[in-house]
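Fold and contact review
Letter by letter, the chains look like this.
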Amino acid sequence: MYILTLVIPAKNEAPYIQDALRRLSKTLSDLTIPWKIIVANNGSTDDTEQKIQELIAVDHKFQETVSVINCPQTGKGAAIRFVANHIQGDMETVFGFIDADLSADPDAIPGMIDRIINQQADLVIASRLLVTKTTNRGLLRTLSSKGFNFVTNLLLKLRVADAQCGLKIMNQKGVELLKTCKETGWFLDIEFLAKVRQDGLRVVEIPVPWTEFRYPDRKSHISHFRDGIQAIKAIIRIKQSC
């Protein structure tokens with residue numbers, strides 16, 4: 001029987017994490033396979049873990065489906081790989097991750113899982129850029145994403161519209177490649193996709209509704225200049241290693 005493990009890398013998400021878990025659980029409750037959510041607490045200095053434990057304590061349905069682990073290394077990539085390396089996987093594993101702000105609509109997840117279970121793909125990735133009319137996002141961010149994806153496709157031959165969307169679902173083949181990645185931060189996605197293409201795994205990209213500020217008070221950590229420089233360095237690192 002298939003089972004889904006869905007990872008949420010979380011750093012200082014205390015004000016929003018309970019709502020995010022309720023929203024995800026509502027979507028996943030309609031699945032026909034067992035599922036669990038693992039919050040990878042990733043260098044938080046607030047009470048993110050306490051908020052999760054409070055939710056589990058007051059609502060029994062979360063006791064069997066939600067857990068939190070503390071990762072020894074900071075960074076989104078490190079958090080996702082830490083969980084991937086500590087789950088007991090087999091050929092019926094379905095594994096995925098989604099950003100804590102749920103900007104990518106979680107309602108896309110069941111359809112993504114169906115493609116894995118029906119063996120239509122080894123990896124299903126959500127995209128903000130395939131159908132932009134369902135993307136509630138600023139023009140500058142959309143243009144910068146398109147520019148970044150143009151460069152990564154040019155240099156790494158990823159052949160996807162949106163490498164960095166934070167929602168991806170995969171089978172065990174994908175998990176095994178994910179474990180070999182080295183990127184500890186936001187560029188795990190492009191390293192992973194580069195390895196996936198190199199190994200010939202089947203990739204399906206689907207459009208997903210996107211809400212940039214589902215939680216309006218949540219601060220963005222994006223700096224276009226700083227992150228642009230870091231992106232160039234990451235692409236060079238990944239191209240050299242793949």
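Residues numbered from 1 in each chain as written. Predicted model: local features only at pLDDT ≥ 70, side-chain atom pairs only at ≥ 80, totals over all residues. Heavy atoms only, no water.

**Some remarks on the packing of helix H1 (residues 17–28) against helix H2 (residues 48–58)**
In plain terms, the rule: Axis definition: a line fitted to C-alpha atoms, over the contacting stretch in the case of helices. Angles run 0 to 180 degrees between N-to-C directions. In this text, helices come from DSSP runs of H or I with a minimum length of four residues, and strands from runs of E with a minimum of two, each type numbered from the N-terminal end. The scheme is simple: roughly parallel for angles under 35 degrees, roughly antiparallel for over 145, roughly perpendicular for 65 to 115, oblique for anything else. Take the far helix as the reference: if the near one is turned anticlockwise from it by less than a right angle, the crossing is left-handed, and if turned clockwise, right-handed. Contacts between residues were defined by any pair of non-hydrogen atoms, one from each residue, lying within 4.5 Å. Here the nonpolar group is Ala, Val, Leu, Ile, Met, Phe, Trp, Tyr, Cys and Pro; Asp, Glu, Lys and Arg are the charged ones; every other residue, Gly included, is treated as polar.
Where H1 contacts H2, the two axes come as close as 9 Å, and the packing angle between them is 45°. Looking at the two axes, H1 sits oblique to H2. The two elements H1 and H2 meet at a crossing, and its hand is right-handed. Where H1 abuts H2, its residues Ile17, Gln18, Leu21 and Arg22 lie against Thr48, Lys51, Ile52, Glu54 and Leu55. Class assignment of the residues belonging to the contact of H1 with H2 gives a composition of four nonpolar, two polar and three charged.

**Considerations on the nonpolar core**
Operational definition: Each nonpolar core is a collection of buried residues, namely Ala, Val, Leu, Ile, Met, Phe, Trp, Tyr and Cys, held together in the definition by side-chain atoms within 4.5 Å. Burial here depends on accessible area, computed with a 1.4 Å probe over protein chains only, as a share of the maximum for the residue type. Under 20% is buried, over 50% is exposed, and the range in between is partly exposed.
Residues Leu4, Leu21, Ile109, Leu167 and Ile169 are the most contacted members of the largest nonpolar core, which totals 43 residues. In terms of residues, this core owes the most to one element, H1, which gives five residues. Discounting residues that sit within four places of it in the chain, Leu167 has contacts with Phe97, Ile98, Ala104, Asp105, Ala108, Ile109, Met112, Val124, Ile125 and Ala126. Membership of the second largest hydrophobic core comes to 36 residues, among which are Ala79, Met170, Leu177 and Leu178.

**Considerations on the packing of aromatic side chains**
Rule in force here: Here a pair means two rings of Phe, Tyr or Trp (six-membered ring of Trp) with centres within 6.5 Å. Their orientation is stacked below 30 degrees between planes, edge-to-face above 60, and tilted elsewhere. Look at NZ for Lys and CZ for Arg. If either is within 6 Å of the ring centre and within 35 degrees of the ring normal, a charge sits over the ring.
Scanning all chains against the criterion turns up zero aromatic pairs. Above the plane of the ring of Trp210 lies Arg128, whose end atom (NZ or CZ) is 4.9 Å from the centre.

**A look at the sheet that holds strand E2 (residues 35–41)**
As a reminder, the rule being used: The criterion for strand pairing is that DSSP finds at least two bridges linking the strands in question.
The mixed open sheet is built from seven strands, whose spatial order is E3-E2-E1-E4-E7-E5-E8. The open sheet has two edge strands with one neighbour each: strand E3 (66–70) and strand E8 (203–207). Looking at each pair of strands side by side, their axes are set apart by 20° on average, direction ignored. The sheet contact formed by E2 and E3 spans five bridges and is parallel. Following the sheet pairing, Ala40 is matched in E3 by Ile69. Helix-sheet contacts for helix H3 (residues 76–84) involve strand E1 (3–10), E2, E3 and strand E4 (93–97), and the interaxial angle to E4 is about 165°. Sheet contacts for helix H7 (residues 188–199): E4, strand E5 (123–127), strand E7 (168–170) and E8; angle to E5, the most-contacted strand, approximately 135°.

**Details of the pairing of E2**
When you tally the buried positions in E2, you get six out of seven residues, the bulk of the element. Here E1 runs beside E2; their pairing, made up of seven bridges, is parallel. Along E2, the bridge assignment pairs Leu6 with Ile37.

**What about the pairing of E1?**
Counting buried residues in E1 gives seven out of eight residues, a clear majority hidden from the surface. Taken together, the five bridges between E1 and E4 define a ladder with parallel strand orientation. If you follow Leu6 over to E4, its bridge partner there is Gly96.

**Examining H2**
Our working rule: Here the arc refers to the directions that run from the helix axis out to each C-beta atom.
Those residues of H2 not exposed but buried are Thr48, Ile52, Leu55 and Ile56. Down the axis, H2 shows its buried residues gathered within 100° of arc, on one side only. Opposite the buried face of H2, at more than 90 degrees from it, the exposed residues are Ala57 and Val58. Packing partners of the buried residues in H2 comprise E1, H1, E2 and E3.

**A few points about unusual backbone geometry**
One non-glycine residue, Asn12, adopts positive backbone phi at about 55°. Position of Asn12 among the secondary structure elements: in the loop between E1 and H1. Phi angles above zero are rare outside glycine, and Leu102 is one such case at about 55°. Relative to the elements of secondary structure, Leu102 occurs in the loop between E4 and helix H4 (109–117). On the accessibility criterion, Leu102 (1% relative accessible area) is buried.

**Focus: the confidence of the model for the protein chain**
Put simply, the rule is: What pLDDT expresses is the predictor's confidence in each residue, scored from 0 to 100.
The pLDDT averaged across the protein chain works out to 89; a share of 89% of its residues lies at or above 70. Considering each helix and strand of the protein chain separately, the mean pLDDT is smallest for strand E6 (residues 135–136), with a value of 66, and largest for E7, with 98.

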